[in-house]
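Examination of the molecular architecture
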Amino acid sequence: MTLKVEDLSVSFPTGPVLAGISLALERGEIVGLTGTSGAGKSLVAEALAGALPGDATRTGRITVDGALAPPHMVALAPQRLDALDPLAPVGRQIDRFARLAGRSADVPGALASVGLPATTARLYPHELSGGMARRVLLATALATGADWIVADEPTVGLDEAAAGRILSLLADLAASGRGVIVISHDLIGLARIASRVVILRQGRHVETAPAHAFDGLGSCLREDFSRALWQAQLAPDAPC
Ligand SMILES: Nc1ncnc2c1ncn2[C@@H]1O[C@H](COP(=O)(O)OP(=O)(O)OP(=O)(O)O)[C@@H](O)[C@H]1O
């Protein structure tokens, strides 16, 4: 099965912010989405999940195997941890998301699929570590039963070890047959788990590069902008 975004554009009353974005994703695959701050990554995620702000106008097609994707086909694990309701225990929030998607929730199952014990269901968001909160956001997305998951900056604010565990978890989700889009500024992490990385700049598509192009100084990347983005992340002792 293939999820396709074709010629996606988004504008607000203040003007256009995304134009002509296209990407494709297979089940079992991870595609990365990156770009500088404000490039439009979160808006792509929100468009995919049918969660754009009310004053946004969207054009373009989002399809699965050629048919328009119905609501709840793509589940979003949002960037902001405050997307979690501070007044509700984790289990109730997972249950709420599942019901919104018309499913009865398997809360322990959703928690287990992100490597959290069933007892996490009783905790409130303020009792979670950053890594646990990221996992809970993924669990709410998985509880909807969606085959397509968008994780928006799932490792931001985490130390290297916790970020590595989240990336492994996303790889496991893809290995279990889901299609996963991972939005991140961490190109090194993305290149490790994604097959391709889509690069955006100021609301426009720059290039879609295979993961192996993020190597050395990025000489296999097509665009100067992509190379600059990649080189900015290289360790100071990288070969020159
Ligand atoms: N509700 C809105 N009304 C008007 N403009 C908006 C709205 N939401 C986002 N934008 C604009 O759309 C552009 C893209 O925003 P978006 O949040 O998708 O960027 P991003 O690439 O995810 O950035 P970051 O990496 O900082 O999270 C920005 O210029 C932003 O100011």
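Residues numbered from 1 in each chain as written. Predicted model: local features only at pLDDT ≥ 70, side-chain atom pairs only at ≥ 80, totals over all residues.

1. Concerning the UniProt feature "domain: ABC transporter" (unreviewed entry) in the chain
- Here the UniProt feature "domain: ABC transporter" (unreviewed entry) sits at residues 3-227.
- Summarising residues 3-227: 30% helix, 29% strand, and an end-to-end C-alpha distance of 27 Å. (UniProt positions renumbered as here; feature names shortened; annotations may be inferred. Helix = DSSP H or I, 4+ residues; strand = E, 2+ residues; numbered from the N terminus.)

2. As for the domain arrangement of the chain
- Assigned domains of the chain: these are domain 1 (1-73 + 148-157 + 164-240) and domain 2 (81-146).
- Taken over C-alpha atoms, the centre of domain 1 sits 24 Å from the centre of domain 2.
- The interface is formed by ten residues belonging to domain 1 together with ten residues belonging to domain 2.
- At the level of secondary structure, the elements contributing two or more residues to the side of domain 1 that touches domain 2 comprise β7 (148-152) and α5 (160-175).
- Split into classes, the residues belonging to the side of domain 1 that touches domain 2 amount to seven nonpolar, two polar and one charged. (Domains from an automatic or database assignment. Contact = placed C-beta atoms within 7 Å. Nonpolar A, V, L, I, M, F, W, Y, C, P; charged D, E, K, R; others polar.)

3. A word on the packing of helix α2 (residues 90-100) against helix α4 (residues 130-143)
- Running from N to C, α2 and α4 point in directions that differ by 35 degrees, and their axes come no closer than 7 Å. Where α2 crosses over α4, the handedness of that crossing is right-handed. Contacts from V90, Q93, I94, F97 and A98 of α2 reach α4 at V136, A139, T140 and A143.
- Among the residues making up the contact of α2 with α4, the classes are represented as seven nonpolar, two polar and no charged. (Axes fitted to C-alpha atoms, helices over the stretch in contact; angles between N-to-C directions. Left-handed = near helix turned anticlockwise from the far one by under 90°.)

4. Regarding the environment of E223
- Along the chain, E223 falls in the loop between β10 (204-210) and α7 (224-231).
- In this structure the C-alpha to C-alpha distance between E223 and V206, which are 17 residues apart in sequence, comes to 7.3 Å.
- If near-sequence neighbours (up to four positions away) are discounted, E223 is found in contact with V206 and E207.

5. Examining the site of the ligand
- Every residue lining the ligand is accounted for by F12, T14, V17, G35, S37, G38, A39, G40, K41, S42, L43 and P53.
- In terms of residue count, helix α1 (residues 41-48) provides more of the shell around the ligand than any other element does, three residues in total.
- Classifying every residue of the shell around the ligand gives five nonpolar, six polar and one charged. (Near = placed C-beta within 6 Å.)

6. Topic: the sheet that holds strand β3 (residues 30-35)
- Reading across the sheet, the six strands line up as β6-β7-β8-β3-β9-β10 and stay open at both edges, with mixed pairing between neighbours. The two strands at the open ends of the sheet, each matched to only one other strand, are β6 (74-77) and β10. Pairwise comparison of adjacent strand axes, ignoring direction, gives a mean angle of 20 degrees for this sheet.
- When β3 meets strand β8 (residues 179-183), the two strands line up parallel, connected through four bridges. Each residue of the ladder has a partner; that of V31, found in β8, is I181.
- Packing against the sheet, α5 makes contact with β3, β7 and β8, and its axis sits at approximately 155 degrees to β8. (Pairing = 2+ DSSP bridges.)

7. Some remarks on the packing of α4 against α5
- Running from N to C, α4 and α5 point in directions that differ by 15 degrees, and their axes come no closer than 10 Å. Taken as axis vectors, α4 and α5 run roughly parallel relative to one another. As for how α4 packs across α5, the hand of that crossing is right-handed. On the side of α4, the interface is formed by G130, G131 and R134, while α5 contributes A162, R165 and I166.
- Considering only residue class, the contact of α4 with α5 consists of two nonpolar, two polar and two charged. (Parallel < 35°, antiparallel > 145°, perpendicular 65-115°, else oblique.)

8. Regarding the pairing of β6
- Along β6, one buried face is formed by V74 and L76 and the opposite face, lined by A75 and A77, is buried too.
- In terms of strand pairing, β6 meets β7 through four bridges, oriented parallel. Residue pairing for β7: V74 is matched across the bridge by W148. (Buried ≥ 20, exposed ≤ 12 C-beta atoms within 10 Å, placed from the backbone.)

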